[in-house]
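Close look at the chain arrangement
If you want the building blocks of each chain, they are given just below.
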Amino acid sequence: MGALVSTVVNVVIALVAIGGLFVALNLLVDRASQRWDDRVRPWLFIGPALIFLTAALVVPAIRTVVLSFRKGPDGDGGFGTDNWTGLLGNDSVISFDQVGDILTSRLFIVGLLLAAAGLVVARRGNEGDTGLDLGNPLATVALGTALIAVLMAVFSTLRGVIWNNLWWVVVVAGLATAFGLGLAVLADRSKNESIAKTLIFMPMAISLVGAAVIWKFIYDTPGAGQAEGLLNILWPGDPIDFLRGTSGTGSIAPWNNFFIMVIMIWIQAGFAMVVISAAIKGVPSELGEAARVDGANEAQVFWRVTLPQITSTILVVVTTLTITVLKVFDLVKATTGGTADTDVLANRVYDTLRGGNFTASSTYAVMILVLVLPIMYLNIRRNRGEVRR
């Protein structure tokens with residue numbers, strides 16, 4: 001009890017000190033000349049936030065990067081690149097041994113066929129011109145599906161936690177955005193729009209661990225202390241452990257990863273729907289009316305008028321989901337614990353940190369940062385370009 005009171009008192013004192021400092025600096029600025037007032041006052045307002053961000057984010061990030069180049073589990077062995085060479089040379093982290101198998105993958109072949117069909121449709125839709133009509137809905141769907149199929153072929157063949165993370169990005173960010181777009185269009189045309197959107201968005205209110213428990217009841221195989229899951233009840237063959245990737249007739253690994261991804265898609269599709277729906281409502285109705293006057297049907301209005309107007313919003317959704325998925329941890333830990341070829345980078349951070357290997361844990365954390373930084377950079381550039389326009 002005494003420690004709690006002491007903590008509360010210290011927090012109150014710190015807040016009073018910060019408030020007093022802010023008031024004092026504000027009074028000084030008020031008495032300064034207009035020139036100094038314009039220069040100092042903005043920093044006075046954002047200064048406390050910058051201090052907290054630096055102490056809670058920037059300093060720990062720098063320390064993590066430094067630790068990733070320290071030798072020894074505790075970082076007491078000097079500096080070097082042992083952590084990086086050891087982890088990147090580990091086949092469980094990233095492996096290129098099965099690159100040749102990608103070309104024989106059925107998904108890869110299907111993806112190439114869909115891409116060829118999409119290009120043919122796009123070319124026919126733009127007769128008399130040397131370009132491609134990528135606004136054609138059939139061409140867009142075919143090319144988009146082809147891209148996802150090819151990438152899934154790549155990431156389901158190459159093994160390692162980095163490939164697993166990238167596979168999560170492709171599947172979850174791609175499919176959650178696609179489902180969110182479709183649900184936004186359907187919900188906006190529903191008579192009970194608010195009820196439909198509430199039900200679809202509801203999984204966002206569930207924690208990832210809670211969602212994992214719910215879906216384990218669907219995926220469970222009959223065993224000691226557990227009932228048969230809904231999916232296995234409907235499955236005509238032998239029971240399959242969809243999360244561990246085993247069955248009576250063989251293994252479904254690494255496709256057990258996909259069944260964990262389905263949980264994240266179920267959760268994030270509602271987020272994508274809400275954001276994209278708001279963007280659709282923001283499209284000027286005059287544009288659609290003008291297209292209908294020119295003879296366009298509803299499908300053409302959506303693909304050639306509405307969709308181009310909400311492209312920037314879709315990119316924001318994809319970027320947000322990509323960063324979220326690169327840090328995925330809860331679902332993997334709550335379903336498989338990273339076993340059965342389902343490990344991801346954030347789970348490695350947790351396991352190595354719990355094992356007392358601070359330098360290896362920092363290296364995995366920096367790997368996540370390296371994957372996130374290009375996405376953040378491209379997003380910032382895009383936002384700056386929109387502001388200039």
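Structural notes, computed from the coordinates. (Residues numbered from 1 in each chain as written. Predicted model: local features only at pLDDT ≥ 70, side-chain atom pairs only at ≥ 80, totals over all residues. Heavy atoms only, no water.)

1. Side note on helix H5 (residues 137-157)
If you check H5, its first and last C-alpha atoms are 30 Å apart, about what 21 residues at 1.5 Å a residue would give, namely 30 Å. Within H5 the residues assigned to the buried category are Ala139, Ala142, Ala146, Ala149, Met152, Ala153, Val154, Phe155, Ser156 and Thr157. (Helix = DSSP H or I, 4+ residues; strand = E, 2+ residues; numbered from the N terminus. Expected span 1.5 Å × (residues − 1). Buried < 20%, exposed > 50% of the residue type's maximum accessible area, 1.4 Å probe, protein only.)

2. A look at the side chain of Asn257
For Asn257, the location among the structural elements is in helix H10 (residues 256-281). In this structure Asn257 touches Arg159, Asn164, Trp167, Trp168, Asp341 and Thr342, once residues within four positions along its chain are discounted. (Contact = heavy atoms within 4.5 Å.)

3. Digging into the packing of aromatic side chains
Summed over all chains, the structure comprises 14 aromatic pairs. Where Phe96 meets Trp163, the ring centres are 5.5 Å apart and the plane angle is 90°; that geometry is what we call edge-to-face. Highlighted residues: Phe96 in the loop between helix H3 (82-88) and helix H4 (106-124) and Trp163 in helix H6 (residues 161-188), separated in sequence by 67 residues. In this structure Trp163 comes out as buried when scored by relative accessible area, which is 12%. With a centroid separation of 5.3 Å and an interplanar angle of 85°, the aromatic rings of Trp167 and Trp255 are classed as edge-to-face. Note that Trp167 is positioned in helix H6 and Trp255 in the loop between strand S3 (250-251) and H10, a separation of 88 residues in sequence. We classify Trp167 as buried; its relative accessible area is 0%. A network of ring pairs unites the aromatic residues Trp167, Trp215, Tyr219, Trp235, Phe242, Trp255, Phe258, Phe259 and Trp266 as a single cluster. (Phe/Tyr/Trp six-rings, centres within 6.5 Å; stacked < 30°, edge-to-face > 60°.)

4. Side note on the sheet that holds strand S2 (residues 246-247)
Sheet architecture is open: three strands sit in the order S1-S2-S3, paired in antiparallel fashion. Each edge of the sheet is formed by a strand with only one pairing partner; in this case those strands are strand S1 (240-241) and S3. Summarising the sheet, S1 and S2 pair through two bridges and their orientation is antiparallel. Bridge assignment links Ile240 to a residue of S2, and that residue is Ser247. (Pairing = 2+ DSSP bridges.)

5. Things to note about the packing of H6 against helix H13 (residues 311-326)
Interhelical geometry of H6 versus H13 gives an angle of 145° and a closest axis separation of 9 Å. For the pair H6 and H13, the sense of crossing is right-handed. Across the interface between the two elements, Asn165, Trp168, Val169, Val172, Ala173, Ala176 and Thr177 of H6 pack against Ile314, Val317, Val318, Leu321, Thr322, Val325 and Leu326 of H13. Within the contact of H6 with H13, the residues separate by chemical class into 11 nonpolar, three polar and no charged. (Axes fitted to C-alpha atoms, helices over the stretch in contact; angles between N-to-C directions. Left-handed = near helix turned anticlockwise from the far one by under 90°. Nonpolar A, V, L, I, M, F, W, Y, C, P; charged D, E, K, R; others polar.)

6. Here's the deal with the nonpolar core
In globular proteins that are soluble, nonpolar side chains generally tend to be buried together. Counting 66 residues, the largest nonpolar core has Trp168, Ile276, Ile310 and Met367 as the members making the most contacts within it. Of the residues forming this core, the biggest block, 14 residues, is contributed by H6. Among all residues touching Met367, those that are not within four sequence positions of it are Trp84, Leu87, Leu88, Val93, Ile162 and Leu345. (Core = buried A, V, L, I, M, F, W, Y, C linked by side-chain atoms within 4.5 Å.)

7. As for the pattern of salt bridges
Tallied over the full model, the rule gives nine salt bridges. A salt bridge links Arg189 to Glu298; the nearest nitrogen and oxygen atoms lie 4.0 Å apart. With a gap of 109 residues between them, Arg189 in the loop between H6 and helix H7 (193-201) and Glu298 in helix H12 (residues 298-309) connect regions that are remote in the sequence. Classification of Arg189 as exposed rests on a relative accessible area of 56%. (Salt bridge = Lys/Arg side-chain N within 4 Å of Asp/Glu carboxyl O.)

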